[in-house]
Amino acid sequence: MVISDRFWEAPLEDLKKGYLEEKEQFVCLLCGNEVEKGIIYPQDNILYEAEKFMNLHIQNEHGSVFDYLIGLNKKLTGLTDHQNRLLRLFYEGKSDTEIKKEMEVGSTSTIRNHRFVLKEKERQAKMLLTLMELMKEKDEHAPSLIAPHQTATMVDDRYNVTKEEQEKMLKKYFIEGSKSLKTFPAKEKQKLVVLREISTLFHPKETYSEKDVNEVLKSVYHDFVTLRRYMIEYGFLDRKPDGSSYWLKK
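Keep in mind that what you see is a predicted model, and the values were worked out from it rather than measured.

Engineer: Would you explain the pattern of salt bridges in this entry?
Structural biologist: It is possible for side chains of opposite charge to pair when their charged atoms get near one another. As enumerated under the stated definition, the model contains 20 salt bridges in all. Of the charged contacts in the structure, one is a salt bridge between Lys179 and Glu197, with a shortest N-O distance of 2.4 Å. Taken together, the residues span a long stretch of sequence, with Lys179 in the loop between α9 (163-173) and α10 (188-198) and Glu197 in helix α10 at a distance of 18 residues. A network of salt bridges, in which partner residues are shared, links Asp156, Arg158, Glu188 and Lys191.

Next comes the structure, spelled out in structure tokens:
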């Protein structure tokens, strides 16, 4: 299961923690990092059991679950830029008076009104989640759609692809039993599915030089430059401004 699927299918309590407990390991829902159970992990002359080490990983790599989630594309969070900034300030524990001053608004009642709006949004989200869960119990015809990756630079109808359609696209464009492309698709939905599959060739813990990235992509398709450009454009890969290093975007 790709990390985006784990992320979107995780229960709320696991999302709040930022990791999922499986039989043999803990898996970071934010980047896919895995910590094996039954092993003691050393860090800065301190020994950690697996679950504590996973918490340390989230702290070191992501700051916090809140930091990671609040940094996602606004189409994934449903927050406006203004609401995003307010939530950051609330999370920092600042008072309404401090926030009023920092945001240069007229009065603390304005901040209080924003709190009310966000609380209303929370109530509506709970109702929608409950309705969706109840619907799943009755709706036998709902298609299983692919989940957007958390680092998506755009979230639109390109993701309106069922898992069955995804499998057909992969069979159409990849040589059977390999990660080599027959041809690179022109349509956006198909392009997204193909790039998503190519992203699995990159390890989330590794940093790559441009030459390394090219070598990986050359094994997929002769026009590796086009693949590299789209991998960045679609939010699968990130890089330094000078192109000296690349990594799988988390």
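Still more to cover.
Engineer: I keep staring at the pairing of strand β2 (residues 25-28) and nothing clicks. Help me out?
Structural biologist: Two faces belong to every sheet, and in a regular strand the side chains alternate between them. Residue alternation in β2 divides its side chains into two sets, Gln25 and Val27 and Phe26 and Cys28, and both sets are buried. Pairing between strand β1 (residues 19-21) and β2: three bridges, direction antiparallel. The residue of β2 that forms the bridge with Glu21 is Phe26. What sits between the antiparallel neighbours β1 and β2 is a turn of three residues. Alignment of β2 against strand β3 (residues 34-36), held across three bridges, turns out to be antiparallel. Counterpart to Val27 in the pairing with β3 is Glu34. Hairpin connection between β2 and β3: a loop of five residues separates the two successive antiparallel strands, and Gly32 in this loop has a positive phi of roughly 90°.

Engineer: I'm lost on a nonpolar patch on the surface in this one. Help?
Structural biologist: The grouping of Leu128, Met132 and Met135 at the surface amounts to a nonpolar patch, some 260 Å² of accessible area in total. Topologically, Met132 is positioned in helix α8 (residues 108-138). Judged by relative accessible area, Met132 falls into the partly exposed class, the value being 37%.

Engineer: Sorry if this is basic, but what is going on with the sheet that holds β3 here?
Structural biologist: Think of a sheet as strands paired side by side through backbone hydrogen bonds, with each pair either parallel or antiparallel. Pairing is antiparallel in the open sheet, where three strands are placed in the order β1-β2-β3. Two strands in the sheet have a free side with no partner beyond their single neighbour: β1 and β3. Pairs of neighbouring strands in the sheet enclose a mean axial angle of 20°, with direction left out of account. Sitting on the sheet, helix α3 (residues 50-62) is in contact with β1, β2 and β3, with an inclination near 15° to β2.

Engineer: Would you explain the nonpolar core in this entry?
Structural biologist: It is characteristic of soluble globular proteins that their nonpolar side chains tend to be buried jointly. The biggest cluster of nonpolar side chains holds 54 residues, and the ones touching the most others in it are Leu181, Phe184, Ile198, Phe202 and Leu227. Summarising the domain contributions, this core has at least three residues from each of domain 1 (3-68) and domain 3 (157-248). The residues contacting Phe184, other than those within four sequence positions of it, are Lys191, Val194, Leu195, Tyr221, Thr226, Leu227 and Tyr230. By size, the runner-up hydrophobic cluster in this structure holds nine residues, among which are Ile70, Leu86, Phe90 and Ile99.

The rules behind these values
Residues numbered from 1 in each chain as written. Predicted model: local features only at pLDDT ≥ 70, side-chain atom pairs only at ≥ 80, totals over all residues. Heavy atoms only, no water. Salt bridge = Lys/Arg side-chain N within 4 Å of Asp/Glu carboxyl O. Helix = DSSP H or I, 4+ residues; strand = E, 2+ residues; numbered from the N terminus. Buried < 20%, exposed > 50% of the residue type's maximum accessible area, 1.4 Å probe, protein only. Pairing = 2+ DSSP bridges. Patch = residues over 30% accessible without salt bridge, like charges linked within 9 Å, V, L, I, M, F, W, Y side chains within 5 Å. Areas by Shrake-Rupley, 256 points an atom, 1.4 Å probe, with all protein chains shown as cover. Axes fitted to C-alpha atoms, helices over the stretch in contact; angles between N-to-C directions. Contact = heavy atoms within 4.5 Å. Core = buried A, V, L, I, M, F, W, Y, C linked by side-chain atoms within 4.5 Å. Domains from an automatic or database assignment.

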